[in-house]
Amino acid sequence: MSRFIVLMLVSTATICLPVGCQSIRQYPPVPANLQSVERGRAQDSNGDSIRHVDHEDWNSEERARPPENILVLSGGGINGAFSAGMLVGWTQSGNRPEFDIVTGVSTGALIAPLAFLGTDYDEELKRLYTSESATRIYKILPLFLWSNAVASSKPLDTQIRSVVTQDLLDRIAQEHRHGRRLYIGTTNLDTQRPVVWDIGAIAAGHAPGKVKLVQDVILASCSVPGLLPPIEINVEINGKRYSELHVDGGVGASMFLPPQSLKPPSLSSFTHLGTTSERMRQTTVYTIVAGKADPDPVPVKQGLLQLSGASLSGVLRAQQEHDLIRIYLLTYFANARFQLAAIPQEYAAPASSLEFDLKTMRALFDEGQRLGSSSAVWTDTPPGIDPQSWTNPRTGTRLGSHSLSSSAVSGDRP
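None of these values were measured; they are calculated from a predicted model.

Colleague: Honestly, the pairing of strand β6 (residues 193-198) in this entry has me stumped. Any pointers?
Modeller: Moving residue by residue along a regular strand, the side chains alternate between the two faces of the sheet. In terms of strand pairing, strand β5 (residues 181-188) meets β6 through 6 bridges, oriented antiparallel. Bridge pairing in β6 links Thr 186 to Val 195.

Here it is as structure tokens:
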């Protein structure tokens, strides 16, 4: 709950701050008429459509067949230790595939480049989440009311820069040229929309400062608003420089799967799952949730911050459920296979995902490693799909431990 209390404190403080205390951008924000550039709808002063110059045109990309293995990594703060352990255990099982596409947000963005490059980076993954440095993510600022955040992200920035080096980007660029893709999500505060960054395209490009850009994108994706300051990323549109403020990718989506990544252009229209047998499906989407797929309910205490925090927690919980169902439906209509792994419901997960305790992180890593080595960890549906999990509308306040009957599923009154 501490994460949400922090957010409420900062939100309240921000309202009370004078304008003069706000930081000044290096360049002005992107004008409103250009804000929709991500979707190709923005227009310049002449009415011409604006698009990213280095935009990858999915329809012209030569892909003979759909990808075989896609990995989706969610956000989850300290619970990222579970995701890292899952990957290491998966390697030890001997069944971990090479992923054609990897996506990640927040803590998943930190894991994604190492997961993308394969098992050679397992030790680095373990170090990131089980060493003493794993607990040094942020530093509380003494005068945070006059800042953009409660804490400084300098310790996390140092960690990211120790991992994301020129050598790492060179390897990512090499895999990108072989047709593999690495995507990281941030949230653009100016548009309040998620932004997907093609890290492989950036790594394989020739723009100066690309190492710093990738480092900044990962830092932004991990920057919980309120706790850590937003990251200013400068962009250029028709020769003019603008700035964007980017924060935690989990604000826009707790996890993501680009729909166009599931099919080659020749099979761009999605068809019903029933037209393809289990044996003939070509793509498997592995989704690892850094947390529980169905988070535990926690009784709320009275009080402004507690009630506000519980409300925000409910929003994030609903977002995760909707994101999982969206990915499941995308795989369903693309004739792909959906696989989900998460912290077991019976596991005593930490109450806060932002209290970086080393003992807790090592325990989460060990649990992930244990489950990753077992094929039993995977399920083929997200929460909310199984009829046994459906709830009936309430008809009053007299409640009991009544399970959903077959008559209720068929539409009859229980």
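Colleague: Honestly, the nonpolar core in this entry has me stumped. Any pointers?
Modeller: Across soluble globular proteins, you tend to see nonpolar side chains buried next to one another. One finds Leu 71, Leu 87 and Ile 199 to be the most contacted residues of the largest nonpolar core, which totals 66 residues. Ranked by residue count, the leading element in this core is helix α3 (residues 107-117), at 8 residues. Once residues lying within four places of it in the same chain are set aside, the contact partners of Leu 87 are Leu 71, Arg 96, Phe 99, Ile 111, Ala 115, Asp 122, Leu 125 and Ile 288. Listed in part, the 20 residues of the second largest apolar core include Ile 70, Val 289, Ala 293 and Leu 330.

Colleague: Which parts of the structure should I look at to understand the side chain of Thr 103?
Modeller: With respect to the element layout, Thr 103 can be found in strand β2 (residues 101-105). Thr 103 gets classed as buried once you look at its relative accessible area, which sits at 0%. At 2.7 Å, the side chain of Thr 103 forms a polar contact with the backbone oxygen of Phe 256. Leaving out residues up to four positions away in the same chain, Thr 103 has contacts with Leu 71, Val 72, Leu 73, Tyr 183, Phe 256 and Pro 258.

Colleague: Just checking my understanding: could you explain the packing of helix α2 (residues 80-93) against α3 for this structure?
Modeller: To describe two helices that pack against each other, one gives the angle between their axes and the distance between the axes. Where α2 contacts α3, the two axes come as close as 9 Å, and the packing angle between them is 20°. Judged by the inter-axis angle, α2 sits roughly parallel to α3. Handedness of the crossing formed by α2 with α3: right-handed. For the pair α2 and α3, the contacting residues are Gly 80, Ser 83, Ala 84 and Leu 87 in the first and Thr 107, Ile 111 and Ala 115 in the second. Looking at side-chain class alone, the contact of α2 with α3 contains 4 nonpolar, 3 polar and no charged residues.

Colleague: How do you make sense of the environment of Arg 317 when you look at a structure like this?
Modeller: Considering the arrangement of structural elements, one finds Arg 317 in helix α9 (residues 304-333). Exposure remark for Arg 317: the relative accessible area of 31% places this residue in the partly exposed category. For the pair Arg 317 and Asp 294, spaced 23 residues apart in sequence, the C-alpha to C-alpha distance is 8.0 Å. Non-local contacts of Arg 317, meaning those with residues more than four positions away in its chain, are made with Asp 294, Pro 295, Asp 296 and Pro 297.

Colleague: Would you take a moment to explain unusual backbone geometry for this structure?
Modeller: Leaving glycine out, the prevailing phi sign among residues is negative, and the prevailing peptide bond configuration is trans. Non-glycine residue Gln 192 carries a positive phi angle of around 55°. Considering the arrangement of structural elements, one finds Gln 192 in the loop between β5 and β6. With a relative accessible area of 67%, Gln 192 lands in the exposed category. Residue Asn 238 is not a glycine yet carries a positive backbone phi of 50°. For Asn 238, the location among the structural elements is in the loop between β7 (231-237) and β8 (240-247).

Colleague: When you look at the pairing of β7 in this model, what are you seeing that I'm missing?
Modeller: Burial along β7 is one-sided: Ile 231, Ile 233, Val 235 and Ile 237 are buried, while Glu 232, Asn 234 and Glu 236, pointing the other way, are not. Pairing of β7 with β8, which is carried by 7 bridges, proceeds in the antiparallel orientation. Across the sheet, residue Ile 237 finds its bridge partner in β8, namely Lys 240. Between β7 and the antiparallel strand that follows it, β8, lie 2 residues; Asn 238 among them carries a positive phi value of about 50°.

Rules behind the numbers
- Residues numbered from 1 in each chain as written.
- Predicted model: local features only at pLDDT ≥ 70, side-chain atom pairs only at ≥ 80, totals over all residues.
- Heavy atoms only, no water.
- Pairing = 2+ DSSP bridges.
- Helix = DSSP H or I, 4+ residues; strand = E, 2+ residues; numbered from the N terminus.
- Core = buried A, V, L, I, M, F, W, Y, C linked by side-chain atoms within 4.5 Å.
- Buried < 20%, exposed > 50% of the residue type's maximum accessible area, 1.4 Å probe, protein only.
- Contact = heavy atoms within 4.5 Å.
- Polar contact = N/O pair within 3.5 Å; in protein donor to acceptor, adjacent residues only side chain to side chain.
- Axes fitted to C-alpha atoms, helices over the stretch in contact; angles between N-to-C directions.
- Parallel < 35°, antiparallel > 145°, perpendicular 65-115°, else oblique.
- Left-handed = near helix turned anticlockwise from the far one by under 90°.
- Nonpolar A, V, L, I, M, F, W, Y, C, P; charged D, E, K, R; others polar.

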